[in-house]
Amino acid sequence: MAPATPADLLRAAVATDPGRPALTYYDDATGERVELSVATVANWVAKTANLLRDELGVEPGERVAVLLPLHWQTAVVLLGAWSVGALVTDRLPADVACCGPEIPTRDAGVAREMLAFALRPLGAGFPEPLPPGIRDFAAETLAMPDAFAAIVPVDPDAPALATAARTVTARDLVIAAQAAPLAAGGRVLTTLP
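Keep in mind that what you see is a predicted model, and the values were worked out from it rather than measured.

Trainee: Summarise the nonpolar core; cite the residues concerned and give the values.
Mentor: Formed by 38 residues in total, the largest nonpolar core has its most connected members in V58, V64, W72, C98, L115 and F117. Secondary structure elements with two or more residues in this core: helix 1 (6-16), strand 1 (21-27), strand 2 (32-37), helix 2 (38-55), strand 3 (63-67), helix 3 (72-83), strand 5 (94-99) and helix 5 (170-177). Other than its neighbours up to four places away in sequence, W72 contacts L23, Y25, E32, V34, L36, W44 and G123. The next biggest cluster of nonpolar side chains, apart from the first, holds nine residues, and it includes A116, F126, L130 and I134.

Trainee: Explain the side chain of T48 residue by residue, including any values.
Mentor: The residue T48 is located in helix 2 in this model. When near neighbours in sequence (up to four residues on either side) are disregarded, T48 contacts V76, V77, G80, F137 and T141.

Trainee: Any details on the packing of helix 2 against helix 3? Residues and values, ideally.
Mentor: In contact at an axis separation of 8 Å, helix 2 and helix 3 are set at 55° when each is read in the N-to-C sense. With respect to helix 3, the axis of helix 2 lies oblique. Relative to helix 3, the crossing made by helix 2 is right-handed. Seen from helix 2, the contacting residues are V41, W44, V45, T48, A49 and L52; seen from helix 3, they are W72, Q73, V76, V77, L79, G80, A81 and S83. Here the contact of helix 2 with helix 3 is built from residues that sort into 10 nonpolar, four polar and no charged.

Trainee: An account of the sheet that holds strand 7 (residues 134-136) is needed here, citing residue identities and associated values.
Mentor: Spatially, seven strands are ordered 7-6-5-3-4-8-9 in an open sheet, and the strand pairing comes out mixed. Bordering the open sheet on either side are strand 7 and strand 9 (167-169), each of which pairs with just one other strand. When the angles between neighbouring strand axes are averaged without regard to direction, this sheet yields 20°. The sheet contacts of helix 3 involve strand 3, strand 4 (87-89), strand 5 and strand 8 (159-162), and relative to strand 3 the element is tilted by about 175°. Seen against the sheet, helix 5 touches strand 8 and strand 9 and runs at an angle of roughly 80° to strand 9.

Trainee: Tell me about the pattern of salt bridges, residues and numbers included.
Mentor: Note on pairing: side chains with opposite charge can pair once their charged atoms come close. Inspection of every chain in the model, using the stated rule, returns 11 salt bridges. Here R135 and E113 are joined by a salt bridge, their closest N and O atoms 3.5 Å apart. Residue R135 is found in strand 7, and its partner E113 is found in strand 6 (residues 111-116); the two are separated by 22 residues along the sequence. For E140, the salt bridge identified is with R135, shortest N-O distance 3.4 Å. Since its relative accessible area comes to 22%, R135 is described here as partly exposed. Connected through salt bridges with shared partners, the residues E55, E113, R135 and E140 form a single ionic network.

Scoring rules and cut-offs
Position labels on residues start from 1 in each chain and follow its written sequence. Totals for whole chains, interfaces and linings use every residue, but because this is a predicted model, local features are given only for residues with pLDDT of at least 70 and side-chain atom pairs only at 80 or more, for both listing and counting. Each side-chain value is worked out from all heavy atoms of the structure, with water and hydrogens disregarded. Here, nonpolar core refers to any group of buried Ala, Val, Leu, Ile, Met, Phe, Trp, Tyr and Cys residues whose side-chain atoms link them within 4.5 Å. Only protein chains enter the accessibility calculation, which uses a 1.4 Å probe. A residue is then buried if its area is under 20% of the maximum for its type, exposed if over 50%, and partly exposed in between. Each helix is a run of H or I in the DSSP string that is no shorter than four residues. Each strand is a run of E no shorter than two, and both are numbered from the N terminus. Residue contacts are defined here by distance: any two heavy atoms, one from each residue, within 4.5 Å place the two residues in contact. All axes are obtained by fitting lines to C-alpha atoms, using only the stretch in contact for helices, and the reported angles, taken between N-to-C directions, cover 0 to 180 degrees. Here the word oblique covers every angle except those under 35 degrees (roughly parallel), over 145 (roughly antiparallel) and from 65 to 115 (roughly perpendicular). When the near helix sits turned anticlockwise from the far one by under a right angle, the crossing is termed left-handed; a clockwise turn instead gives a right-handed crossing. Lys, Arg, Asp and Glu make up the charged group, whereas Ala, Val, Leu, Ile, Met, Phe, Trp, Tyr, Cys and Pro make up the nonpolar group; the residues left over, Gly among them, are polar. Think of it this way: DSSP has to see at least two bridges between two strands before they count as a pair. Salt bridge, as used here, is a side-chain nitrogen of Lys or Arg placed within 4 Å of a carboxyl oxygen of Asp or Glu.

Here it is in structure tokens:
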């Protein structure tokens, strides 16, 4: 069966070659370099999806605002949100807001839950306590199970990503990911924010 969602694509990659590099992140300002295999990305995605669903109560169709810069943890949270069938957006209000690395303030009505990302090397969390009502992604995620199974199957034709420009489905994301050169095992370099 052909993959219909980003989670399906990740499962197929794990089944095919789990040790293959999946994501390499460079930070020219700090010199940080992180390379994650397919299996490691899948592990982080499972932990993130479990956090979103089991701890934060995200259900299919709910909005997860990803307000993060280009980073390997941004990719993980996107895939985790799509694994639970959430609609990822780049604006508030939302059911869950993912922000950082500056410590955010908790604004009532902006989001039901707030996850803060320190974006520190090796996935480390914030060195200081966060304000009440804001959760540290690194600390929360590490305690989550290493495997994720959707309770409700993700609808590949439901909206998965909404920006000011357009809204696309999970199936649209898969089609874009399978376009050449990715279909042949190629990799994509991006410097977009």
